Amino acid sequence: MRPLAEQSYYELLEAPAEGTPQQIERAYRIARATYSPSSTATYSVFSADESAAILRRIEEAYAVLSDARLRREYDARLRRVEPRAGVPTVPSPPPPAAPIRERVPAPAARLEAPAGADLEGGLAPENGVFDGDVLRRIRVSLGIELEEIATTTKINEHHLRSIEGNRYELLPPPVYLRGFLKQIAKCLSLDAGRVADSYTARMRESSARRD
Amino acid sequence: MRRTGTPSWLSIRRGEPGLPGRDDDVVATPPSVARIWAVGGGKGGIGKSFLVANLATVAARSGKRVILIDADLGGANLHTCLGVRAGERISLSDYFEERVVDLDKVAIETPIPGLRLILGALGHTGKAETTQEQRSALLKAVRRLPADLVIFDLAAGTDRSTIDFFLEADDGFVVTTPEPTAIENAYAFLRAAFYRRLAAALSDSNVRELIRVAMDQRNERGIRTPGDLLAAIERIDRAEGDRFRRVLETFRPHLVVNQVRDTEEVKMGFSITSVCKKYFGIDIDYAGYICFDDNVWRSVKDRRPLVLAYPRSDGALYVRRIVKKLLGT
């Protein structure tokens with residue numbers, strides 16, 4: 001276990017070192033909620049000062065990892081340190097936006113799965129169909145709000161709600177719908193093609209039954 | 001009382017908590033050795049018995065031979081979740097008081113095929129405390145039960161017997177609800193279990209004294225986190241420090257959050273695992289959550305497991321998911 005000051009930005013956010021921007025964003029949201037002053041999860045373990053110190057480090061990590069250029073530079077410095085892990089290293093120059101004063105540790109040898117990756121696996125639909133209910137359950141199990149998907153994908157929230165509610169009559173034309181479904185699937189780390197095929201097939205079945 | 005020998009949970013064996021839920025663990029299990037789960041969580045009334053009854057029902061219906069042990073000796077009620085009347089039937093106290101020698105004979109049938117139950121000691125001598133010897137004998141007998149899976153339903157709180165059963169299990173589950181009180185007790189439970197395992201793994205008397213001091217959160221030595229403790233131990237003895245790290249690596253309880261109402265509360269599970277990582281340095285496995293579901297209290301009132309009474313409910317879906325994740329069935 002490494003003291004907070006020596007944890008890499010990825011360790012601080014508990015995000016995989018190869019994580020996509022979406023995974024970094026998600027890890028940050030969870031970390032911020034966890035260590036916020038009003039958090040139910042921390043108040044009995046960490047003092048207000050300790051939580052604030054962790055939160056400052058998390059903000060610092062996010063400032064770098066959410067910026068493509070700063071993240072590239074940071075990753076490059078991590079890689080330079082890695083081969084000589086454990087050997088004192090010459091401190092590398094700090095990046096312009098977020099100075100790092102402490103020694104940069106080597107990233108954990110094993111890539112960590114993104115938080116909740118194993119939760120989503122267990123929710124693969126029992127009958128193989130990705131309908132609105134299944135998509136909602138998977139989203140909730142990952143701790144992702146509808147609003148976050150709307151922000152990332154630029155899909156209007158009322159469309160997202162209609163998709164999850166299986167309210168086929170309110171959905172946009174099929175060509176748009178497929179695109180929306182693929183984007184949602186990506187946010188949930190699901191197979192985009194499979195989700196789009198499955199959802200639209202179920203939708204056609206349902207309208208055929210009604211006719 | 002002096003402990004003799006090494007507790008079995010210190011040796012590496014099949015189903016070490018570091019490797020839960022993998023199919024090959026189950027396959028590698030000799031047919032005569034039961035896998036043991038223990039479900040605890042510190043606070044009462046958070047759904048431990050509900051969870052145990054439903055996990056067991058799912059496992060039994062998938063073809064496993066399952067035996068439940070109601071280890072809540074002072075407040076046994078698991079039988080009611082399964083629709084079994086306890087009355088004056090044979091119970092764990094008959095085994096502890098040596099009226100019955102063969103533990104298998106204490107396990108009574110339930111309405112669910114493949115699922116048997118060892119009743120808690122309710123209504124007998126009223127003795128809720130067990131001795132270390134009684135617990136060791138019980139655990140030895142449990143390993144020899146003709147079952148694929150044995151699940152302990154633990155009492156609330158952090159009694160020594162509760163923590164011992166938890167640590168002895170191949171998979172230990174900590175249940176909480178999203179309420180601050182339940183979460184606080186879940187941390188207390190994890191903390192007690194972690195320090196108990198640590199105290200048994202380390203032998204240097206100075207180090208053990210240090211652990212005793214550290215268990216008091218407001219100790220004078222300024223040891224606030226297990227990280228501080230590790231640093232202090234390494235100053236005394238490097239080898240003991242290595243043993244400490246080994247405990248950290250192999251201690252991997254599962255977390256279940258019950259009565260979840262929204263996405264915020266799902267995230268509570270991620271937050272708790274994060275705190276455990278940053279505070280204890282231990283990896284907790286977020287095994288899953290169970291959503292708040294009116295069908296749950298309906299099923300408890302009906303005295304039938306939710307997964308049988310309302311198999312298509314959300315709650316039942318989430319229970320099945322946890323079993324699938326751990327047993328691969």
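Treat the numbers as computed from the prediction; the structure is a model and nothing was measured. What you see as residue numbers is a count from 1 along each chain, following the sequence as written. Labels follow written order: the first chain is A, the first ligand is 1, and so on. The predicted nature of this model means local features are confined to residues of pLDDT at least 70 and side-chain atom pairs, given and counted, to a pLDDT of 80 or more, with totals for whole chains, interfaces and linings taken over all residues.

**Focus: the overall build of chain B**
Selection criterion: Think of it this way: any DSSP run of H or I at least four residues long counts as a helix, any run of E at least two long counts as a strand, and we number them from the N terminus. With C-beta atoms placed from the backbone, a residue is buried if 20 or more other C-beta atoms are within 10 Å of its own, exposed if 12 or fewer are, and partly exposed between those counts. The contact criterion used is a C-beta to C-beta distance within 7 Å, with each C-beta placed from the backbone.
Scanning chain B from N- to C-terminus turns up 14 helices and eight strands. Looking at the 329 residues of chain B, the share that counts as buried comes to 50%. Of the contacts made within chain B by residues no fewer than 6 positions apart, 73% connect residues no fewer than 24 positions apart.

**Quick look at the sheet that holds strand β7 (residues 254–260) of chain B**
Residue and element names in this part refer to chain B. Our working rule: A pair of strands is labelled paired if DSSP reports no fewer than 2 bridges between them. Where helices are involved, their axes are fitted lines through C-alpha atoms of the stretch in contact, as for all axes, and angles between N-to-C directions lie from 0 to 180°.
If you walk across this open sheet you meet the eight strands as β3-β4-β2-β5-β1-β6-β7-β8, and the pairing is mixed. Of all the strands in the sheet, the pair left with one neighbour each is β3 (108–109) and β8 (285–291). Both β3 and strand β4 (residues 115–118) contribute to a ladder of two bridges, which runs antiparallel. For Ile108, the partnering residue across the bridge sits in β4 and is Leu117. Together, β6 (171–176), β7 and β8 form the strand contacts of helix α14 (residues 314–327), whose direction differs from that of β8 by roughly 160°.

**Quick notes on the interface of chain B and chain A**
Which entries qualify depends on this criterion: Residues are grouped as follows: Ala, Val, Leu, Ile, Met, Phe, Trp, Tyr, Cys and Pro are nonpolar; Asp, Glu, Lys and Arg are charged; all remaining types, including Gly, are polar.
Opposite the 26 residues of chain B that make contact, chain A presents 25 residues. Taken together, the elements giving at least two residues each to the side of chain B that touches chain A come down to α7 (180–201), α9 (226–236), α11 (263–280), β8 and α14 of chain B. Top element by residues in the side of chain B that touches chain A is α11 of chain B. It accounts for 12 residues. Per-class residue counts for the side of chain B that touches chain A are 13 nonpolar, six polar and seven charged.

**Brief notes about the domain arrangement of chain A**
How we decide: How far each domain reaches was decided by an automatic or database domain assignment.
Considered domain by domain, chain A is made up of domain 1 (4–84) and domain 2 (117–210). Summarising the inter-unit geometry, the C-alpha centres of domain 1 of chain A and domain 2 of chain A are found 30 Å apart.

**Quick look at the nonpolar core**
For soluble globular proteins, nonpolar side chains are generally found buried alongside one another. As a reminder of what qualifies: Residues enter a nonpolar core if they are buried, belong to Ala, Val, Leu, Ile, Met, Phe, Trp, Tyr or Cys, and are joined to the set through C-beta atoms within 7 Å.
By size, the foremost hydrophobic cluster in this structure holds 125 residues, and its most contacted members are Leu13 of chain A together with Ile151 of chain B. If one sorts the elements of this core by residue count, α7 of chain B sits on top with 10 residues. When sequence neighbours within four positions are dropped, the list of residues in contact with Leu13 of chain A reads Ile24, Ala27, Tyr28, Ala31, Ile58, Ala61, Tyr62 and Leu65 of chain A. Among the nonpolar cores identified, the runner-up in size contains 18 residues, and Ile163, Val195, Ala196 and Tyr199 of chain A belong to it.

**Topic: the environment of Gly87 of chain B**
Structurally, Gly87 of chain B can be placed in the loop between α3 (78–81) and α4 (92–96). Placed 50 residues apart in sequence, Gly87 of chain B and Ala137 of chain B show a C-alpha to C-alpha distance of 26 Å.

**So, the environment of Tyr195 of chain B**
Residue and element names in this part refer to chain B. Topologically, Tyr195 is positioned in helix α7. We classify Tyr195 as partly exposed; it has 19 C-beta atoms within 10 Å. C-alpha separation for the pair Tyr195 and Arg221, spaced 26 residues apart in sequence, amounts to 17 Å. When sequence neighbours within four positions are dropped, the list of residues in contact with Tyr195 reads Ile211 and Met215.

**Comments concerning helix α6 (residues 160–168) of chain B**
Where burial is concerned, most of α6 of chain B is hidden: eight out of the nine residues are buried. Packed against the buried residues of α6 of chain B are β1 (35–40), α5 (132–143), β5 (149–153), β6 and α7 of chain B.

**Some words on unusual backbone geometry**
Glycine aside, the phi torsion of most residues is negative, and most peptide linkages are trans. Non-glycine residue Asn166 of chain A carries a positive phi angle of around 55°. Using a count of 16 C-beta atoms within 10 Å as the deciding quantity, one classes Asn166 of chain A as partly exposed. Residue Arg303 of chain B is not a glycine yet carries a positive backbone phi of 55°. If you trace the backbone, Arg303 of chain B turns up in the loop between α12 (294–302) and α13 (306–309). Its 16 C-beta neighbours within 10 Å are what place Arg303 of chain B among the partly exposed residues.

**Brief notes about the confidence of the model for chain A**
Residues and elements named next belong to chain A. The following threshold applies: Scored from 0 to 100, pLDDT records how confident the predictor is in each individual residue.
Of all residues in chain A, 77% attain a pLDDT of 70 or more, and the chain-wide mean is 79. For chain A, the element scoring lowest by mean pLDDT is helix α5 (residues 117–121), at 44; helix α8 (residues 157–164) scores highest, at 94. Residue range residues 84–122 is modelled with pLDDT below 50. Its contacts to residues more than four positions away, or to other chains, number 72 contacts.

**Regarding helix α6 (residues 132–141) of chain A**
By the burial criterion, the buried members of α6 of chain A are Val134, Leu135, Ile138, Arg139, Val140 and Ser141 of chain A. Once α6 of chain A ends, the next one or two residues include Gly143 of chain A, with phi positive near 70°.

**Thoughts on the confidence of the model for chain B**
Fine structural detail should not be taken from predicted coordinates in areas where pLDDT scores are low. Residue and element names in this part refer to chain B. Summarising the model, chain B shows a mean pLDDT of 84, and 88% of its residues fall at 70 or more. Within the model, pLDDT remains below 50 along residues 1–30, and this stretch shows 39 contacts once partners closer than five positions in the same chain are excluded. Here the predicted complex carries an ipTM of 0.76, next to a pTM of 0.79.

**Quick notes on the pairing of β6 of chain B**
Residues and elements named next belong to chain B. With respect to burial, β6 is a largely interior element, six of its six residues being buried. With burial as the criterion, each face of β6 is covered, one bearing Asp171, Phe173 and Val175 and the other bearing Gly172, Val174 and Thr176. Pairing of β6 with β7 involves four bridges; the strand directions are parallel. Its bridge partner lying in β7, Val174 is registered against Leu255.

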